[in-house]
Amino acid sequence: MSSIGTKIAFYRKSRGMTQEDLAEKLRVSAQAVSKWENDIACPDILLLAPLSKLFGTTTDELLSADSVKSVRLLPENERSDIKGLTLKVIVDSNDGDKVRINLPMELVKVALEIGSKIPQIANNEHLKNIDFEQIILMVESGVIGKLVEIESADGDIVNVVVE
Amino acid sequence: MKVVIKSEKTNLFIILPTSLILNRLSATIAIKIIKSKQPSIDISGYDFKKFINSIKNYKRQHKRWEVVNISSSNGEIVFVSL
């Protein structure tokens, strides 16, 4: 079981937004967003459509009691071209550092093609064990969502999301 | 394109037309510089053109796209939007 508040919090965080960011986009107060997320209040019915649009989901999904699936396999008819997808890297360190990188998948694909020709990148110790082609292939096959979720013992959080 | 860099020593705020940075001339200059500094790197003009075109296409669809937003605990900020 998952409440609408939990889902709003999940989608907001997965997009690297703060409560203030979401509040600004919906023209409500940050306190209102906080109340939604803590299940103290519910968003106005008129806000459900903008909310779902903002989160790239449906009102049905927001209102259903099913838990949010962090990784989804899209049915063939719903698969969009890779050009429309975004790779998001979200890092929240324990020290308070915040990193948000939003890259179009199309650009990532081209950059990887170029990167493979650069020895400094292609032979990089940290990168050579990652099969980027497989990741691209996975995305092209319709797998989207939170592909990487790391929470270290120090409290550092790293998420890689494709949406 | 908007670039904001704020740190103890640097306070940079630049707004530039993207076309000024992403064009054939800048691509040619960039390739020449890369090749002169690192001859082992084999990037062709075609690769670079493809890269620039993908950024331009994306910018058309998503104006003011926030590419990078980094804020460190000591107040340093790096922000790049298209």
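Just above sits the structure.
Heads up: these notes are all about the structure in this document. (Residues numbered from 1 in each chain as written. Chains lettered and ligands numbered in written order. Predicted model: local features only at pLDDT ≥ 70, side-chain atom pairs only at ≥ 80, totals over all residues. Heavy atoms only, no water.)

**Observations concerning the overall build of chain B**
Working step 1: On a plain count of helices and strands, chain B comes out with 3 helices and 4 strands.
Working step 2: The linear arrangement of helices and strands in chain B, starting from the amino end, is β-β-α-α-α-β-β.
Working step 3: The proportion of buried residues among the 82 residues of chain B is 26%.
Working step 4: In chain B, the share of contacts with a sequence separation of at least 24, taken over all contacts with a separation of at least 6, comes to 34%. (Helix = DSSP H or I, 4+ residues; strand = E, 2+ residues; numbered from the N terminus. Buried < 20%, exposed > 50% of the residue type's maximum accessible area, 1.4 Å probe, protein only. Contact = heavy atoms within 4.5 Å.)

**Some details on helix H4 (residues 45-55) of chain A**
Residues and elements named next belong to chain A.
Working step 1: Those residues of H4 lying buried are Leu47, Leu48, Leu51, Ser52 and Phe55. Buried residues of H4, viewed axially, fall in a sector of 135°; they line one side. H4 presents Leu46 and Lys53 as exposed residues on the side facing more than 90 degrees away from its buried surface.
Working step 2: Contact partners of the buried residues in H4: helix H1 (4-14), helix H2 (19-26), helix H3 (30-37) and helix H5 (59-63).
Working step 3: Just downstream of H4, Gly56 is the residue with a positive phi angle, here 65°. (Arc of directions from axis to C-beta.)

**Description of the pairing of strand S5 (residues 157-162) of chain A**
Residue and element names in this part refer to chain A.
Working step 1: Relative to S5, strand S2 (residues 86-92) runs antiparallel, the two sharing 6 bridges. Bridge pairing in S5 links Val91 to Val158.
Working step 2: Note that strand S4 (residues 143-151) and S5 share 6 bridges and pair antiparallel. Looking across to S5, one finds that Lys146 is bridged to Val161.
Working step 3: Connecting the antiparallel pair S4 and S5 is a turn made up of 5 residues, with Gly155 showing a positive phi of about 100°. (Pairing = 2+ DSSP bridges.)

**Topic: the pairing of strand S3 (residues 98-104) of chain A**
Working step 1: Here 7 bridges tie S2 of chain A to S3 of chain A, and the two strands are oriented antiparallel to one another. Residue pairing across strands places Lys88 of chain A opposite Asn102 of chain A, the latter belonging to S3 of chain A.
Working step 2: Between S2 of chain A and S3 of chain A, which pair antiparallel in sequence order, lie 5 residues; one of them, Gly96 of chain A, sits at a positive phi of approximately 105°.
Working step 3: Sheet analysis places S3 of chain A next to strand S3 (residues 66-71) of chain B, joined by 4 bridges and oriented antiparallel. Following the sheet pairing, Ile101 of chain A is matched in S3 of chain B by Val68 of chain B.

**Overview of helix H2 (residues 24-37) of chain B**
Working step 1: Between its terminal C-alpha atoms H2 of chain B stretches 20 Å, which fits the 20 Å expected from 14 residues at 1.5 Å a residue.
Working step 2: A distance of 3.2 Å separates the backbone nitrogen of Leu25 of chain B from a side-chain oxygen at the start of H2 of chain B, and that oxygen is part of Asn23 of chain B. (Expected span 1.5 Å × (residues − 1). Polar contact = N/O pair within 3.5 Å; in protein donor to acceptor, adjacent residues only side chain to side chain.)

**Let's talk about the sheet that holds strand S1 (residues 71-73) of chain A**
Working step 1: Taken together, 9 strands build an open sheet; the order of strands is S1(A)-S4(A)-S5(A)-S2(A)-S3(A)-S3(B)-S4(B)-S1(B)-S2(B) and the sheet is antiparallel. If you trace the sheet from one side to the other, it starts and ends with S1 of chain A together with strand S2 (11-15) of chain B, each paired once. Strand-to-strand twist in this sheet, taken as the mean axis angle between neighbours without regard to direction, amounts to 10°. (Axes fitted to C-alpha atoms, helices over the stretch in contact; angles between N-to-C directions.)

**Some thoughts on the environment of Trp36 of chain A**
All names here are of chain A.
Working step 1: Considering the arrangement of structural elements, one finds Trp36 in helix H3.
Working step 2: For Trp36, a relative accessible area of 5% puts it in the buried group.
Working step 3: As a C-alpha pair, Trp36 and Thr6 span 30 residues in sequence and 8.5 Å in three-dimensional space.
Working step 4: Excluding anything up to four places from it in sequence, Trp36 contacts Gly5, Ile8, Leu26, Val28, Ala41, Cys42, Pro43, Leu47 and Leu51.

**Structural notes on the side chain of Ser52 of chain A**
Residue and element names in this part refer to chain A.
Working step 1: Topologically, Ser52 is positioned in helix H4.
Working step 2: A residue is classified by how much of its surface remains accessible, and Ser52, at 5% relative accessible area, is buried.
Working step 3: Looking at Ser52, its side chain comes within polar contact range of the main-chain oxygen of Ala49, at 2.9 Å.
Working step 4: Beyond its immediate sequence surroundings of up to four residues, Ser52 is in contact with Thr57, Thr58, Thr59 and Leu62.

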